[in-house]
Amino acid sequence: IDVSSGGNIQGAKITLYDGYQVPLSAEINKETRMKTGAVGLIKTAEQAEEILQKGEADLIVVAREILRNPYLAVENSFPGKGKCYFPPKYERAKI
């Protein structure tokens, strides 16, 4: 289940903070034992990994941050020496 509180109602007051939708995902996961996807200002690979390790979600859905930085996953594979697809035309930029 892709878990989101919506936020598409005119005038809804939603307090925004990093990972603000994650508690909803964790609660649904806990109560139903269904696999959940967390959203809501997940901005770093470290934040995403922490959510997964805590069992608050089974999948991380990164939206706005991918618009800001389409290579978020690629960049964050380097510190752990992980293998990740890197577009051939950008091979020279690889660190």
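Residues numbered from 1 in each chain as written. Predicted model: local features only at pLDDT ≥ 70, side-chain atom pairs only at ≥ 80, totals over all residues. Heavy atoms only, no water.

(A) Expanded view of the overall build of the protein. Secondary structure summary: the protein contains 4 helices and 3 strands in total. Mapped in sequence order, the helices and strands of the protein form the string β-α-β-α-β-α-α. Counting every position in the protein, which comprises 95 residues, the buried fraction comes to 27%. Restricting the contact set of the protein to residue pairs at least 6 apart, pairs at least 24 apart contribute 29%. For the protein, the accessible area works out to roughly 7200 Å², and carbon and sulfur atoms hold 55% of it. (Helix = DSSP H or I, 4+ residues; strand = E, 2+ residues; numbered from the N terminus. Buried < 20%, exposed > 50% of the residue type's maximum accessible area, 1.4 Å probe, protein only. Contact = heavy atoms within 4.5 Å. Areas by Shrake-Rupley, 256 points an atom, 1.4 Å probe, with all protein chains shown as cover.)

(B) Here's a closer look at helix α1 (residues 22-32). By the burial criterion, the buried members of α1 are V22, S25 and N29. Seen along its axis, α1 keeps its buried residues to an arc of 60 degrees; they face one direction. In α1, the exposed positions that point more than 90 degrees away from the buried face belong to K30 and E31. Residues of α1 that are buried sit in contact with β1 (2-3), β2 (37-38) and α2 (45-53). Looking one or two residues past α1, R33 carries a phi angle of roughly 60 degrees, positive in sign. (Arc of directions from axis to C-beta.)

(C) Structural view of the environment of Q47. Mapped onto the elements of the fold, Q47 is located in helix α2. Separated by 28 residues in sequence, Q47 and G19 place their C-alpha atoms 8.2 Å apart. Setting aside residues up to four positions removed in sequence, Q47 forms contacts with D18, G19, L41 and I42.

(D) Fine view of the packing of aromatic side chains. Under the criterion given, the structure shown has 1 aromatic pair. Plain terms: the ring middles of Y17 and Y20 are 6.3 Å apart, the flat faces sit at 70 degrees to each other, and that makes the pair edge-to-face. Given the relative accessible area of 42%, Y17 is considered partly exposed. The exposure class of Y20 is buried, given its relative accessible area of 14%. (Phe/Tyr/Trp six-rings, centres within 6.5 Å; stacked < 30°, edge-to-face > 60°.)

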